[in-house]
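Summary of the model geometry
Residues per chain, in single letters:
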Amino acid sequence: MSAERRIVVGWDLDDCLAPTMSVVAPIYQRRFRHDIDLANAYNGQPGPWGVDTFAEAIRRYEAIMAAPSFHQLLIPDTDTLRAVHALDKQGIRQVVVTGRADQFRSASFQWLGRW
């Protein structure tokens, strides 16, 4: 007997489900007076963030995300929401992955539950 293969769709939380960089970038510019090079923001290098170390870039990014109102600003794209809900109605299993630090777990789950 062969096992039935089910379709599973994987979503990345940031910049797939949630428009994270479109929210982070203007806050970062106001706070640190630097325009993030969005095309290279996730390349693991400090240059796009205007800092000397990638650890400093992460510290700044996470400081912005830690603001109490941050997740309220993340409004998913309408077409993305339609796709998620259509897949759900079809009974297709969906999983969400993220590289976020553990400190954002609760806020991430709350955000996912909201949408």
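Before going into details, it helps to say that this report is about the structure given with it. As the structure is a prediction and not an experimental result, all values here were calculated from the model.

1. A word on the nonpolar core
With 26 residues, the main nonpolar core has Met-21, Val-24, Tyr-28, Ile-36, Trp-49 and Phe-70 as its most contacted residues. Within the residue set of this core, elements represented by two or more residues are β1 (8-12), α1 (20-32), α2 (54-65) and α3 (78-89). Setting aside chain neighbours within four positions, we find Trp-49 in contact with Met-21, Tyr-28, His-34, Ile-36, Ala-41, Phe-54, Ala-57, Arg-60 and Tyr-61.

2. Observations regarding the packing of aromatic side chains
Under the defined criterion, the tally for this structure stands at four aromatic pairs. On the numbers, 4.8 Å between centres and 50 degrees between planes, the contact of Tyr-28 with Phe-32 is tilted. Within this pair, Tyr-28 and its partner Phe-32 are both found in helix α1, separated by four residues, close to a single helical turn. Given a relative accessible area of 0%, Tyr-28 falls into the buried group. Pairing Trp-49 with Tyr-61 gives two aromatic rings, centres 5.8 Å apart and planes at 85 degrees, and the pair type is edge-to-face. Of this pair, Trp-49 sits in the loop between α1 and α2 while Tyr-61 sits in helix α2, placing them 12 residues apart in sequence.

What counts as what
- Residues numbered from 1 in each chain as written.
- Predicted model: local features only at pLDDT ≥ 70, side-chain atom pairs only at ≥ 80, totals over all residues.
- Heavy atoms only, no water.
- Core = buried A, V, L, I, M, F, W, Y, C linked by side-chain atoms within 4.5 Å.
- Buried < 20%, exposed > 50% of the residue type's maximum accessible area, 1.4 Å probe, protein only.
- Helix = DSSP H or I, 4+ residues; strand = E, 2+ residues; numbered from the N terminus.
- Contact = heavy atoms within 4.5 Å.
- Phe/Tyr/Trp six-rings, centres within 6.5 Å; stacked < 30°, edge-to-face > 60°.

Geometric values such as these leave the question of function open.
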